[in-house]
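Structural overview for review
Spelled out from the first residue to the last, the chains are:
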Amino acid sequence: MQINIYSIEKKEDYKPIIDNFIKQSRQFADVKNITIFNKNIAKNNSPKSYSETFEKFLTNGYNIALTPEGKLVDSFKFAKLLEDKQTVNFFIGGAYGLEEEFKNKCDIKISLTPLTLSHKIAKIMIFEQIFRGLAINHNHPYHK
């Protein structure tokens with residue numbers, strides 16, 4: 001199983017935390033942290049520039065947009081999103097979110113919480129939930 005997390009950001013000063021969740025997840029899936037910041041985003045920091053950047057990654061995998069107005073799911077429903085998939089792609093927009101048109105191209109839109117979170121905290125949360133979901137699906141004791 002391949003899980004890709006695509007996000008818009010300049011730098012990650014919290015990379016060790018994410019790397020730890022990737023390492024823990026490795027027994028169940030190949031999880032990749034793909035951060036993108038290009039000239040188009042630097043020049044036109046907007047939902048449109050994020051969509052243009054992400055568009056090429058909308059592959060034949062299962063695509064999930066992370067957005068505040070998305071569906072709230074608990075850890076068990078999140079784990080179901082990962083079940084029986086070969087490739088899962090998560091998309092985290094920049095400061096201005098994702099375009100509605102892009103979100104509609106994804107298979108599902110989910111929200112991690114109704115709270116407003118910093119990009120850093122949201123990203124750590126998604127990596128933790130991926131490991132938790134994989135643990136649930138493989139009867140690993142982490143979730144208990």
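First, a word on scope: everything that follows refers to the structure included in this document. All values derive from a computational prediction rather than experimental measurement.

Among the structural elements, Met125 can be located in helix 6 (residues 119-137). Residue Met125 is classed as partly exposed on the basis of its relative accessible area of 28%. With 56 residues separating them along the chain, Met125 and Glu69 place their C-alpha atoms 17 Å apart. Once residues lying within four places of it in the same chain are set aside, the contact partners of Met125 are Leu112 and Leu117.

In total, this model carries seven aromatic pairs according to the counting rule given. A connected cluster of aromatic rings, assembled from ring pairs, spans Tyr6, Phe54, Phe57, Phe91 and Phe102. Note that Lys85 overlies the ring of Tyr62, its terminal NZ or CZ placed 4.4 Å from the centroid.

Checked against the element boundaries, Asp19 lands in helix 1 (residues 15-25). Separated by 18 residues in the primary sequence, Asp19 and Phe37 place their C-alpha atoms 19 Å from one another.

Here helix 6 contains 19 residues, and its C-alpha end-to-end distance of 27 Å stays within 8% of the 27 Å for a straight helix at 1.5 Å per residue. Burial within helix 6 is extensive, with 14 of its 19 residues counted as buried. Among the residues trailing helix 6, Asn139 stands out with phi positive, at a value near 55 degrees.

This part covers the nonpolar core. Grouped together as the largest cluster of nonpolar side chains are 26 residues, with contacts concentrated most on Ile3, Ile5, Phe90, Ile126 and Ile130. Only strand 1 (2-8), helix 1, strand 3 (62-72), helix 4 (75-82), strand 4 (87-92), strand 5 (108-111) and helix 6 provide two or more residues apiece to this core. Counting residues per element, this core draws most heavily on helix 6, which supplies six residues. Filtering out sequence-adjacent residues up to four positions away, Ile5 remains in contact with Val31, Lys32, Asn33, Ile34, Phe90, Ile92, Ile126, Phe127 and Ile130. Counting 12 residues, the second largest nonpolar core, distinct from the first, contains Tyr50, Phe54, Ala65 and Phe102.

Rules of the game
Residues numbered from 1 in each chain as written. Predicted model: local features only at pLDDT ≥ 70, side-chain atom pairs only at ≥ 80, totals over all residues. Heavy atoms only, no water. Helix = DSSP H or I, 4+ residues; strand = E, 2+ residues; numbered from the N terminus. Buried < 20%, exposed > 50% of the residue type's maximum accessible area, 1.4 Å probe, protein only. Contact = heavy atoms within 4.5 Å. Phe/Tyr/Trp six-rings, centres within 6.5 Å; stacked < 30°, edge-to-face > 60°. Lys NZ or Arg CZ within 6 Å of the ring centre and 35° of its normal. Expected span 1.5 Å × (residues − 1). Core = buried A, V, L, I, M, F, W, Y, C linked by side-chain atoms within 4.5 Å.

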